[in-house]
Amino acid sequence: MLMKTTSQSLTEQLAARFSERIRDRLLAPGARLPSVRQCAAQQGVSPSTVVAAYDQLLAQGLVEARKNRGFFVREAAVPQPQRSSVAESPATPAAAHWLDSRRGPVNASTLIRGMFHKVSDKPQPGMGVLPPEWLETTFMPAAVRKVTGVKALNEYSLQYGEPMGDTSLRRALSKKLATLSVPASPDQIITTVGATHALDVVSRTLLRPGDPVMVEEPGWAVEFARLTALGMRLLPVPRRADGPDLEVMARYCELHKPKLYVSVSVLHNPTGYCLTPGSAHRILQLANEHDFHIVEDDTYSHIAPDHTPRLASLDGLRRTIYVGGFAKILAPNWRVGFLAAPPGLTEQLLDTKLLATLTTPALLEKALAVCIEQGQLRRHAERVRTRLDAARSRSVKLALQAGCRFVAEPAGLFGWVDTGVDTDALAQRMLDEGYLLAPGALFHANRAPGTLMRINFASSQDAAFWKKYGEILRRM
């Protein structure tokens, strides 16, 4: 709530609060501000105070008024920061760094920047990663020390690494993929700067601006934004419990001749669904009949149930390109990912990687190879899965008690729940309390509003969050 005992008036405080959210991209361009009456009730102020604050935002060029509709964040609301010849102060907030990133049309990446901007020290149910304390290990520092002796540093740091990636890591990955029945020799594996980079390498190799690409909806907002930024035409395919809507896929194939299908087949984000063998078989039939490739993003493989079918396994890496990474389970900032591709595509994919990054950091790749070869990563993943199972059980119980309905059977890291209210509005109100939510609109290519939201089971165990959620819900 706003305070009356400050040097700023209530109007100035309210205007400053909205201004900060707009500049920090926590309110995306095009987002609707609460109505005057709603905002007054939320903030405990008079409607005239809200009107005056909105007038200040209008004067600053941050919002626009639309007749009979309300106030909306302007498309170009955040001005480019002025350049200064004076070095930036170390105390500058982290948000200032990404506010200076590229500007462009409204897309989901704008919202993602906001999602990953720390809003408080409270657990954040909207986040897409495991809590840092879950990822703390002793074996990772030990692996780094093992590969960073003086001799190793001179050998690996004074020259470029292997273009395809460290040989020892590619061998370890080949063996690891074999346990998933994905047949990939080391020569079919290319390391990348995280899984997102692997997806980008595939897109830049196989696609040209204007090409149609099938994506799952709901789906990963960053992938929508990335493909849109490359100029691709998105063809959203509804994701169901057993896999994509095959009738919609078939219709797209007949009408648009898509070049690529991007899928999170195992523990799909945000629903947690896993592809069934029957759906996988039909997808591969469509790919062969209509001559498109499939990118299988297996980001959540480390927490997936055993023996879950993969498209790359059933296909034998003929039409499928398999993408994986370690940010979710091990070290987000190591940025080590990889792709496994059909032999006929590896040279083209490697050329794209070289043009973008030349090589990838050999020292971190060698350290990761040690973690895999010695079984430490596998044992760590087992511990995380056990901990996540317990967290999921607690979070589901709290969510149901708060009146949420699970649209998908709870599985993996994320829950896909129906709140019964507009989750865009709910997210803004919870933000006032220091909680960041992931409204369902974030996972649709056209950002369609609705009552769904994604929760992170690992960070939704806080009873205080659900208590505040219930209080806010009763006032909506």
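Residues numbered from 1 in each chain as written. Predicted model: local features only at pLDDT ≥ 70, side-chain atom pairs only at ≥ 80, totals over all residues. Heavy atoms only, no water.

Novice: Quick question: what am I supposed to make of the overall build of the chain here?
Specialist: When its secondary structure is counted, the chain shows 19 helices and 13 strands. For the chain, restricting intrachain contacts to residue pairs at least 6 apart in sequence, the fraction spanning at least 24 positions comes to 72%. (Helix = DSSP H or I, 4+ residues; strand = E, 2+ residues; numbered from the N terminus. Contact = heavy atoms within 4.5 Å.)

Novice: Can you help me understand the packing of helix 10 (residues 195–206) against helix 11 (residues 221–229) in this one?
Specialist: Each pair of packed helices can be described by the angle between their axes along with the distance between the axes. Two elements in contact, helix 10 and helix 11, have axes separated by 11 Å at closest approach and are oriented at 35°. For helix 10 against helix 11, the interelement crossing comes out right-handed. Taking contact as the criterion, the partners of Thr-196, Leu-199, Asp-200 and Ser-203 in helix 10 are, on helix 11, Glu-223, Arg-226 and Leu-227. Partitioned by chemical class, the residues of the contact of helix 10 with helix 11 number 2 nonpolar, 2 polar and 3 charged. (Axes fitted to C-alpha atoms, helices over the stretch in contact; angles between N-to-C directions. Left-handed = near helix turned anticlockwise from the far one by under 90°. Nonpolar A, V, L, I, M, F, W, Y, C, P; charged D, E, K, R; others polar.)

Novice: Where do I start with the pattern of salt bridges in this structure?
Specialist: For side chains bearing opposite charge, pairing can occur when the charged atoms are close. Enumeration according to the criterion identifies 18 salt bridges in this entry. Across the salt bridge formed by Glu-382 and Arg-378, the nearest N and O atoms sit 3.4 Å from each other. Here Arg-378 and Glu-382 lie together in helix 17 (residues 376–401), a separation of 4 residues that amounts to about one turn. The closest approach of N and O atoms between Arg-392 and Asp-389, which form a salt bridge, is 3.0 Å. On the criterion of helical spacing, the pair formed by Arg-392 and Asp-389 is a turn pair, its members being 3 residues apart in helix 17. The exposure class of Asp-389 is partly exposed, given its relative accessible area of 41%. Three or more residues are tied together by salt bridges with common partners; here these are Asp-200, Arg-204, Glu-223 and Arg-226. (Salt bridge = Lys/Arg side-chain N within 4 Å of Asp/Glu carboxyl O. Buried < 20%, exposed > 50% of the residue type's maximum accessible area, 1.4 Å probe, protein only.)

Novice: So what exactly am I meant to see when it comes to empty space enclosed by the protein here?
Specialist: Here the idea is plain: a probe the size of a water molecule rolls over the atoms and shows the empty space left. Here the structure, examined in full by the defined rule, presents 6 cavities of 30 Å³ or more. One number sums up the size of the largest cavity: a volume of about 110 Å³. In terms of lining, the largest cavity is formed by Leu-199, Val-215, Glu-216, Gly-219, Trp-220, Glu-223, Phe-224, Val-262, Val-264, His-268, Asn-269 and Asp-297. Taken together, the residues of the lining of the largest cavity break down into 6 nonpolar, 3 polar and 3 charged. (1 Å grid on protein atoms, 1.4 Å probe; cavity = no way out; pocket = protein on both sides within 12 Å on 5 of 7 lines; lining within 4 Å. Points joined across faces, edges and corners; volume = space filled by probe spheres on them.)

Novice: Help me understand the side chain of Thr-11 in this model?
Specialist: Take Thr-11: it is sitting in helix 1 (residues 10–23). Each residue touching Thr-11, except ones within four places of it in the same chain, is listed here: Thr-49, Ala-52, Ala-53 and Gln-56.

Novice: Help me understand the packing of aromatic side chains, please; the structure alone is not making it clear to me.
Specialist: Centre distance and the angle of the planes are the two values used to describe a pair of aromatic rings. Tallied over the full model, the rule gives 11 aromatic pairs. Between Phe-465 and Trp-466, the ring centres sit 4.8 Å apart and the planes meet at 70°, which makes this aromatic pair edge-to-face. Per residue, the accessibility class of Phe-465 equals that of Trp-466, and both read buried. Put simply, the rings of Tyr-435, Phe-465, Trp-466 and Tyr-469 pair up and form one aromatic cluster. Positioned over the ring face of Phe-72 is Arg-66, at 4.0 Å from the centre of the ring. In this structure, Arg-454 packs its charged tip against the face of Phe-414, placed 4.0 Å from the ring centre. (Phe/Tyr/Trp six-rings, centres within 6.5 Å; stacked < 30°, edge-to-face > 60°. Lys NZ or Arg CZ within 6 Å of the ring centre and 35° of its normal.)

Novice: Teacher, can you tell me more about the pairing of strand 9 (residues 337–340) here?
Specialist: Working note: regular strand, side chains alternate between the two faces of the sheet. Of the two faces of strand 9, the one carrying Gly-337 and Leu-339 and the one carrying Phe-338 and Ala-340 are both buried. In terms of strand pairing, strand 3 (residues 189–192) meets strand 9 through 4 bridges, oriented antiparallel. Within the sheet, the bridge partner assigned to Thr-192 lies in strand 9 and is Gly-337. In this sheet, strand 9 lies alongside strand 8 (residues 320–325) in antiparallel orientation, the contact comprising 4 bridges. Looking at the pairing, Gly-325 lines up with Gly-337 of strand 9. (Pairing = 2+ DSSP bridges.)

Novice: Could you clarify how one ought to interpret the sheet that holds strand 10 (residues 405–406) in this entry?
Specialist: The pairing of strands in a sheet happens through backbone hydrogen bonds and is either parallel or antiparallel. Taking strand neighbours across the sheet as the criterion, the 4 strands line up as 10-11-13-12 in an open arrangement whose pairing is antiparallel. Edge strands, defined here as strands with exactly one partner in the open sheet, are strand 10 and strand 12 (438–439). The pairing of strand 10 with strand 11 (residues 414–418) spans 2 bridges and is antiparallel. Residue pairing across strands places Arg-405 opposite Asp-418, the latter belonging to strand 11.

Novice: Help me understand the environment of Ala-340, please; the structure alone is not making it clear to me.
Specialist: Looking at the element boundaries, Ala-340 is found in strand 9. Relative accessible area serves as the criterion here: at 0%, Ala-340 is assigned to the buried category. Between the alpha carbons of Ala-340 and Ala-198 there is a distance of 9.6 Å; along the sequence they are 142 residues apart. Excluding its chain neighbours within four sequence positions, the residues that come into contact with Ala-340 are Leu-177, Ala-184, Gln-188, Ile-189, Leu-317, Thr-320, Ile-321 and Tyr-322.

Novice: Mind showing me how you'd approach the pairing of strand 1 (residues 63–66) here?
Specialist: Of the pairings in the sheet, the one linking strand 1 to strand 2 (residues 70–73) comprises 4 bridges and is antiparallel in character. Considered in strand 2, the bridge of Val-63 is made with Val-73. Between strand 1 and strand 2, which follow one another and run antiparallel, lie 3 residues, and Asn-68 among them has a positive phi close to 65°.

Novice: Any chance you could explain unusual backbone geometry here in plain terms?
Specialist: Most of the time, phi is negative for any residue but glycine, and the peptide bond is trans. Note the cis peptide between Glu-217 and Pro-218, where omega equals 0°. Summarising the element assignment, Pro-218 is placed in the loop between strand 4 (212–217) and helix 11. A cis amide bond, omega 20°, links Asn-269 with the succeeding residue Pro-270. Of note, Pro-270 is situated in the loop between strand 6 (260–263) and helix 13 (277–290). Of note, the phi angle at Asp-291 is positive, near 60°, even though the residue is not glycine.

Just distances and angles here, no functional claims.
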